[in-house]
Structures are given as structure tokens and as C-alpha cells.
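Chain by chain, the residues run as shown.
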Amino acid sequence: MKISCQKADLVKGVNIVSKAVPTRTTMAILECILIDASSGEIKLTANDMEIGIETIVSGTIHERGIIALDAKKFSEIVRKLPENEVTIETDTSFKTSITCEKAKFDIIGKSGEDFSYIPVIQRNQPIVISQLTLRDIIRQTIFSVADNENNKLMTGELIEIKDNKLKVVALDGHRVSIRNVELKNPANDVKVVVPKKTLNEIIKIIDGGIDDEVNIFVTDNHIIFEFDQTTVVSRIIEGEFFKIEQMLSADYETKVKINKREFFDCIDRATILVNEGDKKPIIVNAVDNTMSLSISSFIGTMNEDIDIVKEGKDIMIGFNPKFVLDALKVIDDEEINLFMLNAKSPCFIKDDAGSFIYIVLPVNFNNPGAN
């Protein structure tokens with residue numbers, strides 16, 4: 001095999017597929033990036049058997065062929081080459097020469113025939129969504145996905161399409177994040193749970209805007225994302241996702257309209273007094289048109305008042321400050337609405353259009369005003 005391409009194109013391609021190289025594996029071939037120039041285009045592939053990524057790199061094929069190179073070393077080499085054209089040449093013993101200007105590396109590769117290619121999956125009607133929208137809805141929900149493996153379904157996000165509306169749901173037992181989007185193009189009804197790792201890698205790779213599209217295909221076992229010159233194939237998480245409809249009750253006795261930035265900054269200031277790992281709640285006390293926020297720890301105490309517009313009953317309720325901050329951080333609206341029933345029921349943060357809903361469960365606290 002002999003190919004040549006610009007260093008910048010090669011680095012971009014290597015960075016994309018490297019996200020599917022496993023950190024630990026008993027299969028040495030999976031620690032490699034496959035360079036496949038056997039069919040008229042230069043294709044890079046990596047696969048950890050859960051997620052596979054392939055991308056096409058612009059360049060010239062002088063001699064067709066295929067080689068698997070150690071991902072870590074190959075990545076380090078191409079990143080440190082001069083900014084010029086790179087030539088990669090292999091021989092029958094898999095010796096690989098990587099040349100750029102006066103720099104030349106010789107490394108030993110592996111047979112590309114032994115590589116675990118990403119599965120060939122039949123495409124059905126695509127779900128079409130803009131790259132910007134997909135990136136935003138993942139960013140605005142993924143923080144609510146559980147990190148532990150105790151419940152596999154909580155380690156992914158529900159992607160559901162019904163009546164041409166896309167709903168994305170993430171939850172971890174303490175909070176729920178929901179985004180709703182109206183699709184512009186017709187799409188079949190779908191309901192799958194996609195691993196957090198896959199979605200994290202997607203938002204790192206996608207860099208397009210509102211006019212750049214992603215085609216998504218769903219099968220019984222896999223989900224495929226196609227955009228630009230890149231294809232990401234991921235296994236889906238099997239099982240029935242949690243029924244959250246009963247949580248979405250419209251009942252509330254207190255509605256608070258508040259400036260999002262002021263609310264965020266106030267809670268952010270309060271967390272100065274809480275060490276990581278401490279479970280100290282921030283106490284919210286909404287009376288008339290003022291919300292008082294307070295926190296108390298062994299370091300000290302903090303109190304601050306914020307102007308609000310309140311409808312309904314006064315309420316005092318406690319929250320894990322991190323869970324509220326995570327939600328506020330990804331909301332773009334200037335003002336938000338909080339809906340609360342009582343001190344033991346979840347708080348809803350949502351917009352009038354229903355495009356986002358964040359549900360945060362309250363935490364118990366000692367009411368300083370109690371007798």
C-alpha cells in the first residue's frame with residue numbers, strides 16, 4: 001500500500017476514529033487503527049466492539065492496500081510531523097514507512113485482514129437532524145445519565161420518535177432531563193436506548209452547524225450516525241426504558257419565574273462552602289416575590305435573596321446544588337419557570353413550549369423555622 005495526504009487531514013481523521021479505540025482489551029488488533037486503501041478511497045477505522053467509527057480522509061492512493069497500525073503510536077507520530085504532505089507506504093511483511101519532509105518513521109503494522117470491521121448494517125429510512133440540534137440535545141441531557149453500571153438502562157439515553165417528534169430522556173434516579181424536538185423530515189417511530197459513551201463521542205466529533213445534517217439509522221441491535229465523511233455504529237442497550245409519563249404530572253401549587261443567570265450564580269456562590277462529596281442541600285424559600293437561598297456547612301453559611309415572580313403558595317424546599325446547576329448550565333433561556341408541589345415532591349424546570357423539562361428530586365433538610 002502507498003498513500004499520501006495532508007497532515008491536517010490525516011490528524012483530523014485519526015482524532016475522529018481514535019475515540020473508538022479501547023483503553024483496555026485482550027485483543028491486540030483492536031488497539032490498532034485500520035488504514036484501508038483497497039477500494040478507491042482512504043478509510044480509517046477503529047472498533048472496540050461496542051462502538052465503531054470510520055472516516056474517509058482526502059488523499060491520493062498510489063498503490064492499493066490495507067494495514068493496521070498501533071493507534072497510540074500512529075497518532076503520536078502523525079501529530080508531531082511537519083505541516084506538509086504525509087506518505088504512508090507498507091511492504092508484504094507489514095513494515096510501514098511514514099514520511100513527511102525529512103522525517104521518516106518505520107514501524108511494524110499488522111495484517112488488516114485480522115481487523116474487526118464495523119458491522120455492515122442495512123440502512124432503512126433515515127432520521128434526519130441538523131448537526132447543531134443533535135449536539136445541543138445531547139449536551140443538554142447527557143449529564144443526567146448514571147455513571148454506575150447497577151442499572152444498565154440508566155447508563156444510556158432514550159431516543160424516541162413518535163408522530164415525527166423526537167424525545168431524548170436521561171435519568172439517574174435523582175433527576176430527569178428531557179428534550180423534545182419537532183423533526184422537519186418524516187421519520188418512522190423509533191424507541192432505543194443509546195449508551196452514554198457513544199453520545200459523548202458523537203458530540204466531540206460533530207462540528208457542523210444548523211445546515212449540516214446527520215442521518216441516523218436504527219436496527220434491532222445497532223444505531224448508526226452518518227455525517228460528513230464519518231460513520232459511527234454503536235450497539236444499543238437492550239431492555240424497556242423507564243416509564244416516566246407518570247412523573248410528568250401537571251400538578252403544582254407554586255410557580256416561580258426567575259432570572260436564570262441570577263439563580264445559577266447564586267447557587268454557584270453557595271457551593272464555595274461545600275466540599276466535593278459533602279451532601280449539603282441548598283435551601284430555597286420562596287415567599288411573596290422573593291426567593292431566599294441558604295446553605296450551611298462546617299465551613300460556614302451563606303444567604304442570598306433573589307427577586308422572583310411567584311404564583312401560588314409559599315414553599316421551602318431543599319436540593320442537591322449540583323443537580324440544579326447542571327440543569328441551569330445547559331438552558332439557554334434568559335428566564336425559567338420552576339413548578340413545585342411541596343417540599344417532598346420533584347421540582348420541574350421547563351419552558352412554555354415544552355422543548356425542555358428538567359426534574360430534580362428534593363432532599364430532606366432541617367427546617368430552621370420549625371419549632
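Further up the page is the structure itself.
Residues numbered from 1 in each chain as written. Predicted model: local features only at pLDDT ≥ 70, side-chain atom pairs only at ≥ 80, totals over all residues. Heavy atoms only, no water.

K.L.:
For this particular structure, what's the right way to read the overall build of the chain?
P.N.:
Of the regular secondary structure elements, the chain holds six helices and 26 strands. Each of the 371 residues in the chain was classed as buried or not, and the buried ones make up 51%. The long-range fraction of contacts in the chain, counting pairs at least 24 apart against all pairs at least 6 apart in sequence, stands at 67%. When the accessible surface of the chain is split by element, carbon and sulfur atoms take 46% of a total near 18700 Å². The chain carries 44 positive and 58 negative side-chain charges, and their two centres are separated by 3 Å. (Helix = DSSP H or I, 4+ residues; strand = E, 2+ residues; numbered from the N terminus. Buried < 20%, exposed > 50% of the residue type's maximum accessible area, 1.4 Å probe, protein only. Contact = heavy atoms within 4.5 Å. Areas by Shrake-Rupley, 256 points an atom, 1.4 Å probe, with all protein chains shown as cover. Lys, Arg positive; Asp, Glu negative; His and termini not counted. Charge placed at Lys NZ, Arg CZ, Asp CG, Glu CD.)

K.L.:
What is the right way to look at the environment of Asn 259 in this model?
P.N.:
Take Asn 259: it is sitting in strand β18 (residues 254-259). Each C-alpha atom, one on Asn 259 and one on Ser 116, is 52 Å from the other, the two residues being 143 residues apart in sequence. Those residues in contact with Asn 259, other than ones at most four positions away along the chain, are Glu 334 and Glu 335. In terms of polar contacts, Asn 259 uses its side chain to reach the backbone amide nitrogen of Arg 261, at 3.0 Å. Looking at Asn 259, its side chain comes within polar contact range of the main-chain nitrogen of Glu 262, at 2.9 Å. (Polar contact = N/O pair within 3.5 Å; in protein donor to acceptor, adjacent residues only side chain to side chain.)

K.L.:
Explanation requested: the pairing of strand β14 (residues 190-195) in the structure shown.
P.N.:
On a regular strand, one side chain projects to one face of the sheet and the next to the other, so that they alternate. Most of β14 sits inside the fold, with five of its six residues counted as buried. Relative to β14, strand β11 (residues 156-162) is paired through six bridges, and the arrangement is antiparallel. In the strand pairing of β14, Glu 157 is matched with Val 194. (Pairing = 2+ DSSP bridges.)

K.L.:
Please clarify how a negative patch on the surface should be interpreted in this entry.
P.N.:
On the surface, Asp 207, Asp 211, Asp 212, Glu 213 and Asp 228 cluster together to form a negatively charged patch. Positionally, Glu 213 belongs in strand β15 (residues 213-218). By relative accessible area, which is 48% here, Glu 213 ends up partly exposed. (Patch = residues over 30% accessible without salt bridge, like charges linked within 9 Å, V, L, I, M, F, W, Y side chains within 5 Å. Salt bridge = Lys/Arg side-chain N within 4 Å of Asp/Glu carboxyl O.)

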